[in-house]
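Residue-level listing of the chains:
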Amino acid sequence: MPDMRDSEALIEALTHDLRPVARVAPVWRRVMVWAPVALGLGFLATRMLHRFATDWASAHAVISAANVALSLTLGLAIFAASLSISMADGRVRGKGWIMGGLAAWLVLAMVSMALSPRLISFQRGVGSYCFTFVLTAGAPMILVAIAALRRTRSLNPGRSLTVAGAGVAFMAFGLLGFCHPAEMSMTDFVAHLLAALVLGGITVLAGRPLIRA
């Protein structure tokens, strides 16, 4: 035991077994590692479901393609934002681009609803497939998102996890676009939003005790 009055000896004793902290990889690199894992697991999870094939030769296939591309891009960008929020400075770059993407996604949703021959449909089963698909795809993605956030923890776990849940939802929307027609009823759209809210709630509740700094 070093003499408590000898500051240099005390510091030497306290730091003897310390190891340097590993530097956290840049956010973009972490997204490139974790996002493919999340999307891959989400895709595999939906293999258990009956999958409808999107008609890519139809007149409105470009809307489906745009929805897939925009949803996946938003999912990756928002997921990256959740990782940025968990860092010490909490800075999120590209907020304007994300907001613009969200606005474009809403416009695409309105175009899809305008194409629907039955905008307001309450038929049995309408919307339930979308709800089930998004939850099934998103469930394993939640685990991946929490694992990614756990690497750095977070001083604001609620905000980090809420944003991560939104990213998971949009990645699930992107996968849904591969087996969803361009047309969308209001019931479908509401089912999408409800599934996103459920994913967000699960992400926050499951992840808060695991990533709290």
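Residues numbered from 1 in each chain as written. Predicted model: local features only at pLDDT ≥ 70, side-chain atom pairs only at ≥ 80, totals over all residues. Heavy atoms only, no water.

A.B. asks: When you look at the overall build of the protein chain in this model, what are you seeing that I'm missing?
C.D. replies: A count of helices and strands for the protein chain gives seven helices and zero strands. Shown N-terminal to C-terminal, the secondary structure of the protein chain runs as helices and strands in the order α-α-α-α-α-α-α. Counting across all 213 residues of the protein chain, residues that qualify as buried make up 41%. Contacts in the protein chain between residues far apart in sequence, at least 24 positions, make up 87% of those at least 6 positions apart. About 12100 Å² of surface is accessible on the protein chain, with carbon and sulfur atoms providing 68% of the total. (Helix = DSSP H or I, 4+ residues; strand = E, 2+ residues; numbered from the N terminus. Buried < 20%, exposed > 50% of the residue type's maximum accessible area, 1.4 Å probe, protein only. Contact = heavy atoms within 4.5 Å. Areas by Shrake-Rupley, 256 points an atom, 1.4 Å probe, with all protein chains shown as cover.)

A.B. asks: Whenever I open this one, a nonpolar patch on the surface confuses me. Can you help?
C.D. replies: Side chains of Ile 120, Met 186, Val 190, Leu 194 and Leu 197 sit close together on the surface and give an oily, nonpolar patch of about 480 Å² of accessible area. As for its placement among the helices and strands, Leu 197 is situated in helix 7 (residues 186-211). (Patch = residues over 30% accessible without salt bridge, like charges linked within 9 Å, V, L, I, M, F, W, Y side chains within 5 Å. Salt bridge = Lys/Arg side-chain N within 4 Å of Asp/Glu carboxyl O.)

A.B. asks: Would you mind showing me how to read the side chain of Ser 112 here?
C.D. replies: Topologically, Ser 112 is positioned in helix 4 (residues 95-115). A relative accessible area of 8% means that Ser 112 is categorised as buried.

A.B. asks: Looking at this structure, how should I read the nonpolar core?
C.D. replies: Side chains of a nonpolar character, in soluble globular proteins, are inclined to be buried together. By size, the foremost hydrophobic cluster in this structure holds 50 residues, and its most contacted members are Leu 74, Trp 105, Phe 133, Val 134 and Met 141. Looking at this core, the elements with two or more residues in it are helix 2 (27-46), helix 3 (61-85), helix 4, helix 5 (128-150), helix 6 (157-176) and helix 7. When residues of this core are assigned to their parent elements, the largest contribution, 12 residues, is made by helix 5. (Core = buried A, V, L, I, M, F, W, Y, C linked by side-chain atoms within 4.5 Å.)

A.B. asks: What exactly am I supposed to notice about the environment of Thr 203 here?
C.D. replies: In this fold, Thr 203 is placed in helix 7. Along the chain, Thr 203 and Gly 158 lie 45 residues apart, while their C-alpha atoms are 9.4 Å from each other. In contact with Thr 203, not counting residues within four places along its chain, are Ile 142, Ile 146, Leu 161, Ala 164, Gly 165 and Arg 208.

A.B. asks: How do you make sense of the packing of aromatic side chains when you look at a structure like this?
C.D. replies: Centre distance and the angle of the planes are the two values used to describe a pair of aromatic rings. In total, this model carries six aromatic pairs according to the counting rule given. Connected via pairs of aromatic rings, a cluster forms that spans Trp 105, Phe 170, Phe 173 and Phe 189. (Phe/Tyr/Trp six-rings, centres within 6.5 Å; stacked < 30°, edge-to-face > 60°.)

A.B. asks: Is there a simple way to think about helix 5 in this case?
C.D. replies: One full turn of an α-helix is made of 3.6 residues, so residues set three or four places apart face in the same direction. In this model, helix 5 (23 residues) spans 33 Å end to end at C-alpha, consistent with the 33 Å of a helix rising 1.5 Å per residue. The largest bend along helix 5 reaches roughly 30 degrees and is located at Ala 139, with the proline Pro 140 sitting one to four residues downstream. (Expected span 1.5 Å × (residues − 1). Bend = angle between axes of the 7 residues up to and from the residue.)

A.B. asks: Whenever I open this one, the packing of helix 5 against helix 6 confuses me. Can you help?
C.D. replies: How two helices sit against one another is set out by the angle between their axes and by the gap between those axes. Between helix 5 and helix 6, the shortest axis-to-axis distance is 8 Å and the interhelical angle comes to 135 degrees. On the basis of their axis angle, the class for helix 5 and helix 6 is oblique. Seen along the crossing, helix 5 lies across helix 6 with a hand that is right-handed. Where helix 5 approaches helix 6, its residues Tyr 129, Cys 130, Phe 133, Val 134, Ala 137, Gly 138, Met 141, Ile 142, Ala 145, Ile 146 and Leu 149 are matched on the opposing element by Ser 160, Leu 161, Ala 164, Val 168, Met 171, Ala 172, Phe 173, Leu 175 and Leu 176. Considered class by class, the residues forming the contact of helix 5 with helix 6 number 18 nonpolar, two polar and no charged. (Axes fitted to C-alpha atoms, helices over the stretch in contact; angles between N-to-C directions. Parallel < 35°, antiparallel > 145°, perpendicular 65-115°, else oblique. Left-handed = near helix turned anticlockwise from the far one by under 90°. Nonpolar A, V, L, I, M, F, W, Y, C, P; charged D, E, K, R; others polar.)

A.B. asks: I tried to follow the state of the cysteines on my own but got confused; where do I start?
C.D. replies: Note on terminology: a disulfide is the covalent bond linking the sulfur atoms of two cysteines. Summed over the entire model, instances satisfying the criterion amount to zero disulfides. We note that Cys 130 lacks a disulfide partner, and the nearest cysteine sulfur, in Cys 179, lies 8.4 Å from it. By relative accessible area, which is 3% here, Cys 179 ends up buried. (Disulfide = S-S within 2.5 Å.)

A.B. asks: When you look at the environment of Ile 211 in this model, what are you seeing that I'm missing?
C.D. replies: Tracing the backbone shows Ile 211 in helix 7. With 57 residues separating them in the primary sequence, Ile 211 and Ser 154 have C-alpha atoms 5.9 Å apart. Dropping the residues within four chain positions of it, Ile 211 is found in contact with Ile 146, Leu 149, Arg 150, Arg 153, Ser 154, Pro 157, Ser 160 and Leu 161.

A.B. asks: Can you walk me through the packing of helix 3 against helix 4 in this structure?
C.D. replies: Relative orientation of the contacting elements helix 3 and helix 4 amounts to 150 degrees, with a least axis distance of 10 Å. Taken together, the axis directions place helix 3 and helix 4 in an arrangement best described as roughly antiparallel. Read as a crossing pair, helix 3 and helix 4 show a hand that is left-handed. Listed contacts from helix 4 to Ile 63, Ala 66, Asn 67, Leu 70, Ser 71, Leu 74, Ala 77, Ile 78 and Ala 81 of helix 3 are Ile 98, Gly 101, Leu 102, Ala 104, Trp 105, Leu 108, Val 111, Ser 112 and Leu 115. When its residues are assigned to classes, the contact of helix 3 with helix 4 shows 14 nonpolar, four polar and no charged.

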